[in-house]
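# A look at the structure
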Amino acid sequence: MVTEPDNPTALLSAVYASVATRDFSRDQLDDLLRQSRRNNGASDVTGMLLYREGRFIQVLEGPEKTVRDLLAVIKADTRHEKVRVLLEEHLTERTFADWTMGYEPIRVPSSPVAPGFRDSFDDLENDDDPTTTRRAIRELTLWFRVRAASGS
């Protein structure tokens, strides 16, 4: 977590995880994404949203006060619960400068995984170790950027 005092002009990145309170259809997720992109574009917020089996992971980047205000709105949103901020850090530049909200649904592997396989998405939910959390966020961010660049 960030330990320095709030600076409304500083860039802040916040990553949170939450659990949907109901199933989301593809159309409902698309509506949520359109709404997020519209609101984020107007508020100078960028980031990515990942969704898998009723669980959300979202990265928000923008002016510190804007991101903190948005987190308060997100925490009050009844479409999800158990909102847990995993990481906050100040940025010198945005990781998702090109996306008002990049989005990717993630499928759970359909076949057994190899022994020793780590699931970065699960790492964010199951580990309170900041090193594991940062590593999992970096891995998911890299995965997302590679998929976006390749058009997959």
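What you see is a predicted model; the values in this text were computed from it and never measured.

### With respect to the nonpolar core
Taken as a class, soluble globular proteins show a tendency for nonpolar side chains to be buried jointly. In terms of nonpolar packing, the biggest core is built from eleven residues, these being Val15, Ala17, Met48, Leu50, Ile57, Val59, Leu86, Leu87, Phe96, Ile137 and Leu140. Elements with a minimum of two residues in this core: β1 (11–20), β2 (46–52), β3 (55–63), β4 (80–91) and α4 (130–150). In terms of nonpolar packing, the next biggest core, distinct from the first, is built from nine residues, Tyr16, Val45, Leu60 and Val85 among them.

### What about the pairing of β3?
Across the nine residues that make up β3, a large majority, nine, are buried. Bridge count between β1 and β3: nine bridges; the pairing is antiparallel. Bridge pairing links Tyr16 to Gln58 in β3. The antiparallel pairing of β2 with β3 creates a hairpin that spans two residues between the two strands, and Glu53 there sits at a positive phi of about 45 degrees.

### Observations regarding the side chain of Glu61
Residue position: Glu61 is located in strand β3. Buried charge without a salt bridge: Glu61, with Arg94 as the nearest opposite-charge side chain at an N-O distance of 4.9 Å. At 2.8 Å, the side chain of Glu61 forms a polar contact with the backbone nitrogen of Thr95. Each residue touching Glu61, except ones within four places of it in the same chain, is listed here: Leu12, Ser13, Asp44, Val45, Thr46, Val67, Leu91, Arg94, Thr95, Phe96 and Ala97.

### Some words on helix α2 (residues 64–76)
The first and last C-alpha atoms of α2 sit 19 Å apart over 13 residues, in line with the 18 Å expected at 1.5 Å per residue. Buried within α2 are the following residues: Glu64, Val67, Leu71 and Ile74. Within α2, the buried residues cover an arc of 85 degrees as seen down the axis, which keeps them to one side. Summarising the geometry of α2, the exposed residues directed more than 90 degrees from the buried face are Val73 and Ala76.

### A look at the confidence of the model for the protein
Overall, the prediction assigns the protein a mean pLDDT of 78, with 66% of residues at 70 or greater. Ranking the elements of the protein by mean pLDDT puts strand β5 (residues 102–105) last with 59 and α2 first with 94.

### Some words on unusual backbone geometry
The phi dihedral of Glu53 falls on the positive side, at around 45 degrees, and the residue is not glycine. Residue placement: Glu53 occurs in the loop between β2 and β3. The class for Glu53 is exposed, based on a relative accessible area of 67%. A positive phi is found at Lys82, a non-glycine position, where the angle reads about 55 degrees. With respect to the helices and strands, Lys82 occurs in strand β4.

### Notes on the packing of aromatic side chains
Centre distance and the angle of the planes are the two values used to describe a pair of aromatic rings. All chains considered together, the criterion is met by three aromatic pairs. Relative to Tyr51, the ring of Phe24 has its centre 6.2 Å away and its plane inclined at 65 degrees; by these criteria the two rings are edge-to-face. Remark: Tyr51 occurs in strand β2 and Phe24 occurs in the loop between β1 and α1 (26–43); sequence separation between them is 27 residues. Note on Tyr51: relative accessible area 10%, which makes it buried. With centroids separated by 4.8 Å and ring planes inclined at 50 degrees, the aromatic side chains of Tyr51 and Phe56 adopt a geometry described as tilted. Phe56 carries the same exposure label as Tyr51, and that label is buried. One aromatic cluster in this structure is built from Phe24, Tyr51 and Phe56. Just above the ring of Phe24 sits the side chain of Arg22; from NZ or CZ to the centre is 4.5 Å.

Criteria and cut-off values
- Residues numbered from 1 in each chain as written.
- Predicted model: local features only at pLDDT ≥ 70, side-chain atom pairs only at ≥ 80, totals over all residues.
- Heavy atoms only, no water.
- Core = buried A, V, L, I, M, F, W, Y, C linked by side-chain atoms within 4.5 Å.
- Buried < 20%, exposed > 50% of the residue type's maximum accessible area, 1.4 Å probe, protein only.
- Helix = DSSP H or I, 4+ residues; strand = E, 2+ residues; numbered from the N terminus.
- Pairing = 2+ DSSP bridges.
- Lys, Arg positive; Asp, Glu negative; His and termini not counted.
- Salt bridge = Lys/Arg side-chain N within 4 Å of Asp/Glu carboxyl O.
- Polar contact = N/O pair within 3.5 Å; in protein donor to acceptor, adjacent residues only side chain to side chain.
- Contact = heavy atoms within 4.5 Å.
- Expected span 1.5 Å × (residues − 1).
- Arc of directions from axis to C-beta.
- pLDDT = per-residue confidence, 0-100.
- Phe/Tyr/Trp six-rings, centres within 6.5 Å; stacked < 30°, edge-to-face > 60°.
- Lys NZ or Arg CZ within 6 Å of the ring centre and 35° of its normal.

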